[in-house]
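# Descriptive analysis of the structure
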Amino acid sequence: MARNVSTGRKAAVTALAWGVGLVIFFPILWTVLTSFKTEGEAINAHPSFLFFDWTLENYHTVNERSDYLAHFWNSVVIALGSTLIGLLIAIPAAWSMAFVPGKRTKDLLMWMLSTKMMPAVGVLVPIYLLARDTGLLDSKTGLVIVLTLVNLPIIVWMLYTYFKEIPGEILEAARMDGASLGSEILYVLTPMAVPGIASTLLLNVILAWNESFWTLNLTAANSAPLTAFIASYSSPEGLFYAKLSAASTMAIAPILILGWFSQKQLVRGLTFGAVK
Amino acid sequence: MNVTARALMGASLLLAATSAVSAQTTITVATVNNGDMIRMQRLTSDFNAKHPDIKVNWVTLEENVLRQRVTTDIASKGGQYDVLTIGNYEVPIWAKQNWLLPLDNLGADYDQADLLPQVAAALTVGGKLYAAPFYAESSMLMYRTDLLEKAGLKMPENPDWGFITDAAAKMTDKAAGVYGICLRGKAGWGENMAFLTSMNNSMGGAWFDMQWKPQFDKPEWKKTLDAYLKLMTSYGPPGSSSNGFNENLALFQTGKCGMWIDATVAASFISDPKESKVADKVSFAPAPTRAGGSNHGNWLWSWNLAIPASTTKADAAKTFVAWATSPAYTKLVAEKEGIANVPPGTRTSLYKNEAYLKAAPFAPMTLKAIEAANTQKPSEQPVPYTGGQFVAIPEFQAIGTAVGQQFSAALAGKATADQALAASQALTSREMTRAGYPK
């Protein structure tokens with residue numbers, strides 16, 4: 001039986017949700033607004049919220065100085081490449097952990113997660129030397145490999161959680177009908193786990209898109225993604241806030257749009273299996 | 001002509017075209033996002049026209065990101081960059097590690113004798129220049145003439161800290177949002193410690209004695225920190241423990257500060273009526289010293305172009321460095337962007353140029369500040385190090401930042417001056433012992 005919820009309570013909860021949402025979104029909104037201000041207005045001690053002289057000058061300057069499309073393309077290749085390769089490795093791994101767990105599966109999962117607890121800078125020198133010796137410095141291939149490895153524990157964990165929600169009997173039924181292991185994963189498990197896989201894919205694209213340690217340290221001129229594009233507009237000496245905001249807005253716009261259009265999929269994936 | 005002959009001809013044309021392309025050398029230049037460097041990037045077309053065989057790729061990064069990125073590459077001989085933009089802190093350290101190529105032959109047009117001696121000395125190791133200065137700055141006092149007049153004071157030729165404290169007290173009008181003095185408070189070896197190390201030099205103090213023993217337990221540091229905390233807590237803006245160069249620049253430009261002691265490069269920003277509300281009410285004086293003292297604690301910072309030893313394109317890199325730092329480049333900027341925009345602080349000839357002195361009224365004070373900086377003997381006491389606002393040893397970045405955090409905490413009221421000094425003495429002693437310094 002559904003609970004009776006009063007209109008007043010509904011309104012209060014809605015207002016609270018909007019309030020929290022706006023607080024979380026406010027820094028992004030402020031960045032976008034600052035990108036349309038002059039540098040003088042951007043540092044004003046009493047900044048105005050909407051009533052200032054709107055200008056596109058910062059976007060003009062940023063486009064004149066940097067090759068946005070080249071950085072954008074590098075981000076797309078690195079984020080999508082690392083996520084797709086990560087999924088290819090993680091789906092069979094998560095399948096085996098969820099449906100044929102061994103004695104040490106839990107320990108293995110914890111060990112995988114523990115690799116995320118080490119600060120990235122701790123392995124900077126060895127990875128840098130490996131990249132140098134294999135000719136992968138400043139290359140998209142090098143970054144795809146590194147980001148695949150960096151995000152693999154999260155992908156495996158997320159998929160493992162989703163796969164655990166799928167009844168093993170369905171897979172057994174498929175096996176009884178003569179499905180091979182490959183067909184079982186590809187035609188039975190994967191379609192059932194699409195919401196989970198989709199949200200894993202989206203979340204990891206976002207993580208790889210925003211990753212700024214490896215993408216800044218392993219690139220120079222040729223494969224620098226949007227993180228390097230943003231970093232080129234920050235400076236300890238001089239006025240740069242408006243231009244930095246314009247560069248940031250241009251860098252986050254694609255991922256914001258992607259998130260907006262796929263929010264249903266994301267929410268469905270994140271709450272997958274929560275209600276039975 | 002038959003098909004085979006045509007194919008052969010086409011193939012040879014293609015081969016010729018390919019070899020023409022491969023004859024072009026591509027160099028990668030790593031630089032920071034400062035106005036003068038962005039201007040250099042814009043003027044690369046002039047370099048391309050003069051040297052069509054060299055293509056320039058730019059990597060522009062925020063200063064601290066660049067420092068980490070370039071250090072990783074150079075220490076591991078990654079060879080990602082052919083020209084580096086580095087500060088005079090790194091140059092002597094990296095030159096001693098053989099990480100940089102000496103720039104002993106930049107061509108007849110380079111005119112090395114024209115470089116300001118203080119700037120060149122900071123980049124010279126064993127008699128060889130290891131980086132070509134692109135622009136340089138020192139520190140000075142910038143102040144509001146209207147507020148000083150209102151306070152009934154006149155700026156002395158060589159102000160001391162006593163006068164600064166008195167002026168700060170009289171200029172402060174908290175009700176009107178005007179604070180007597182704005183100084184760096186944000187923790188960092190290049191932030192609050194740049195200022196406080198200079199201030200301590202002006203008080204007659206030092207970081208280390210000749211045995212590399214830290215000096216935070218000596219009266220000079222106590223005097224420095226007490227004076228700084230009194231100035232900032234009584235007459236400084238609220239929240240100053242998180243203020244760096246940019247925050248103070250914004251405060252000064254919007255009329256919130258009576259005085260500001262910082263990099264000479266700020267003079268052009270606060271004098272620009274397009275950016276500054278107080279452009280017509282500013283003047284400049286030497287950085288303060290202690291009563292009767294002669295050391296103004298002038299710092300010296302230069303951004304320089306250097307060539308890493310790991311490059312495989314040293315000749316092309318040298319051609320680029322010579323183009324970007326020669327007197328001809330100064331002329332090019334003056335023609336294309338106006339003489340007030342030429343990179344300051346590196347060449348004697350610039351400060352004899354009447355047109356420049358007219359366009360940049362703060363130029364004589366900038367020159368005076370740079371000339372007063374002595375990187376080879378930054379303290380009045382005998383010290384085993386060179387530097388100025390920093391100590392030119394590799395460990396200084398970490399130690400300077402850790403000490404900066406102690407002093408920033410004292411400014412925020414989380415520790416007393418004595419506690420901050422004791423903690424700084426302990427942590428510096430520990431790190432220096434670990435690094436094998438005290439003899």
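Quick caveat, the model's predicted, so the values are computed rather than measured. (Residues numbered from 1 in each chain as written. Chains lettered and ligands numbered in written order. Predicted model: local features only at pLDDT ≥ 70, side-chain atom pairs only at ≥ 80, totals over all residues.)

### Considering the overall build of chain A
Each helix and strand in chain A was counted, giving 14 helices and zero strands. Secondary structure elements of chain A occur, N-terminal to C-terminal, as α-α-α-α-α-α-α-α-α-α-α-α-α-α. Taken along its principal axes, the extent of the C-alpha atoms in chain A is 70 × 65 × 30 Å. For chain A, the proportion of its 276 residues judged to be buried stands at 34%. Counting contacts in chain A only where the partners sit at least 6 residues apart, residues at least 24 apart contribute 80% of the total. (Helix = DSSP H or I, 4+ residues; strand = E, 2+ residues; numbered from the N terminus. Buried ≥ 20, exposed ≤ 12 C-beta atoms within 10 Å, placed from the backbone. Contact = placed C-beta atoms within 7 Å.)

### Quick look at the overall build of chain B
Across its full length, chain B holds 18 helices and eleven strands. Relative to its length of 439 residues, chain B is compact, with a C-alpha radius of gyration of 24 Å against a globular reference of 22 Å. Oriented by its inertia axes, the alpha-carbon framework of chain B measures out at about 95 × 55 × 35 Å. Contacts in chain B between residues far apart in sequence, at least 24 positions, make up 74% of those at least 6 positions apart. (Rg over C-alpha atoms; globule rule 2.2 N^0.38 Å.)

### Let's talk about the environment of B:Leu251
All names here are of chain B. Mapped onto the secondary structure, Leu-251 falls in helix α11 (residues 245-253). For Leu-251, a count of 21 C-beta atoms within 10 Å corresponds to the buried category. Along the sequence, Leu-251 and Pro-237 sit 14 residues apart, while their C-alpha atoms lie 8.8 Å from each other. With near-sequence residues (within four places) excluded, Leu-251 lies in contact with Cys-182, Pro-237, Lys-256 and Cys-257.

### Description of the confidence of the model for chain B
All names here are of chain B. Of the residues in chain B, 95% have a pLDDT of 70 or more, and the chain-wide mean is 91. Low confidence marks residues 15-21, where pLDDT is under 50. Its contacts with residues over four positions away, or in another chain, come to zero contacts. Taken over the whole predicted complex, pTM reads 0.83, whereas the ipTM for its chain interfaces reads 0.80. (pLDDT = per-residue confidence, 0-100.)

### Observations regarding the sheet that holds strand β11 (residues 301-306) of chain B
Residue and element names in this part refer to chain B. If you walk across this open sheet you meet the five strands as β2-β1-β3-β11-β6, and the pairing is mixed. Two strands lie at the open edges of the sheet, namely β2 (54-61) and β6 (132-137), each paired on one side alone. Sheet twist, expressed as the average angle between the axes of neighbouring strands with direction ignored, equals 20°. The pairing of strand β1 (residues 25-32) with β2 spans eight bridges and is parallel. Bridge pairing in β2 links Val-29 to Trp-58. (Pairing = 2+ DSSP bridges. Axes fitted to C-alpha atoms, helices over the stretch in contact; angles between N-to-C directions.)

### Considering the pairing of strand β3 (residues 83-87) of chain B
Residue and element names in this part refer to chain B. Burial of β3 is extensive: four of the five residues sit out of reach of the surface. In this sheet, β3 lies alongside β1 in parallel orientation, the contact comprising two bridges. Bridging from a neighbouring strand, Val-29 pairs with Val-83 of β3. Bridging between β3 and β11 involves four bridges; their strand directions are antiparallel. Bridge pairing in β11 places Gly-87 opposite Trp-303.

### Thoughts on the packing of helix α10 (residues 219-235) of chain B against helix α17 (residues 396-411) of chain B
Residues and elements named next belong to chain B. Running from amino to carboxyl end, α10 crosses α17 at an angle of 45°, the nearest separation of the two axes being 10 Å. Compared by their axis directions, α10 and α17 come out oblique. Relative to α17, the crossing made by α10 is right-handed. Contacts from Leu-225, Leu-229 and Met-232 of α10 reach α17 at Phe-407, Ala-410 and Leu-411. For the contact of α10 with α17, the per-class residue count stands at six nonpolar, no polar and no charged. (Parallel < 35°, antiparallel > 145°, perpendicular 65-115°, else oblique. Left-handed = near helix turned anticlockwise from the far one by under 90°. Nonpolar A, V, L, I, M, F, W, Y, C, P; charged D, E, K, R; others polar.)

### Observations regarding the interface of chain A and chain B
In this complex, chain A contributes 26 residues to the contact, which on the side of chain B involves 28 residues. At the level of elements, α6 (124-133) and α11 (213-217) of chain A are the ones that each hand at least two residues to the side of chain A that touches chain B. Residue classes in the side of chain A that touches chain B are distributed as 15 nonpolar, seven polar and four charged.

### A short note on the nonpolar core
Ranked by internal contacts, the top residues of the largest apolar core, which has 141 residues, are B:Val83, B:Ala131, B:Met142, B:Ile181, B:Met259 and B:Phe320. Element by element, the count of residues in this core is highest for helix α13 (residues 241-261) of chain A, at seven residues. Those residues in contact with B:Ala131 that sit more than four places away from it in its chain are B:Ile86, B:Val91, B:Leu100, B:Leu103, B:Leu123, B:Asn304, B:Leu305 and B:Ala306. Counting 36 residues, the second largest nonpolar core, distinct from the first, contains A:Ile78, A:Ala79, A:Val205 and A:Leu218. (Core = buried A, V, L, I, M, F, W, Y, C linked by C-beta atoms within 7 Å.)

### Considering the sheet that holds strand β8 (residues 179-182) of chain B
Residues and elements named next belong to chain B. Strand order in the open sheet made by the four strands is β8-β9-β7-β10, with mixed pairing throughout. Only two strands of the sheet have a single neighbouring strand rather than two, namely β8 and β10 (282-286). The mean angle between the axes of side-by-side strands here comes to 20°, regardless of whether they run parallel or antiparallel. Note: β8 against strand β9 (residues 257-263), three bridges, orientation parallel. Looking across to β9, one finds that Tyr-179 is bridged to Cys-257.

### A short note on the packing of helix α8 (residues 168-176) of chain A against helix α9 (residues 181-192) of chain A
Relative placement of two packed helices is described by the angle separating their axes and the distance separating the axes. Residue and element names in this part refer to chain A. Contact geometry of α8 with α9 gives a least axis separation of 10 Å together with a crossing angle of 135°. Taken together, the axes of α8 and α9 are oblique relative to one another. Between α8 and α9 lies a crossing of right-handed hand. The residues of α9 that touch α8, namely those facing Ile-170, Leu-171, Ala-174 and Arg-175, are Glu-184, Val-188 and Leu-189. Classifying every residue of the contact of α8 with α9 gives five nonpolar, no polar and two charged.

### Some remarks on the pairing of β10(B)
Residues and elements named next belong to chain B. Extensive coverage of β10 is indicated by the burial of four of its five residues. Pairing analysis gives five bridges linking strand β7 (residues 139-144) to β10, with the strands arranged antiparallel. For Met-140, the partnering residue across the bridge sits in β10 and is Pro-286.

### Here's the deal with unusual backbone geometry
The general pattern is negative phi for most residues beyond glycine and trans for most peptide bonds. Residue and element names in this part refer to chain B. A positive phi angle, near 60°, is found at Asn-98, a position not held by glycine. Along the chain, Asn-98 falls in the loop between α5 (90-96) and α6 (117-122). Here Asp-111, not a glycine, exhibits a phi torsion of approximately 55°, which is positive. As for its placement among the helices and strands, Asp-111 is situated in the loop between α5 and α6. We classify Asp-111 as partly exposed; it has 15 C-beta atoms within 10 Å.

### Points about the environment of A:Ser139
All names here are of chain A. Mapping Ser-139 onto the fold places it in the loop between α6 and α7 (140-164). Classification of Ser-139 by C-beta neighbours within 10 Å gives partly exposed; the count is 16. Residues Ser-139 and Thr-219 lie 80 residues apart in sequence; the distance between their C-alpha atoms is 6.9 Å.

### Quick notes on α7(A)
Look at α7(A): 34 Å from first C-alpha to last across 25 residues, which is about the 36 Å you get at 1.5 Å a residue. Maximal helix bending in α7(A) amounts to about 45°, located at A:Asn151; proline A:Pro153 follows within four positions. (Expected span 1.5 Å × (residues − 1). Bend = angle between axes of the 7 residues up to and from the residue.)

### Section: the confidence of the model for chain A
Overall, the predicted model of chain A reaches an average pLDDT of 89, with 95% of residues at or above 70. Averaged pLDDT values for the elements of chain A fall to 74 in helix α14 (residues 263-270) of chain A and rise to 95 in helix α4 (residues 68-99) of chain A.

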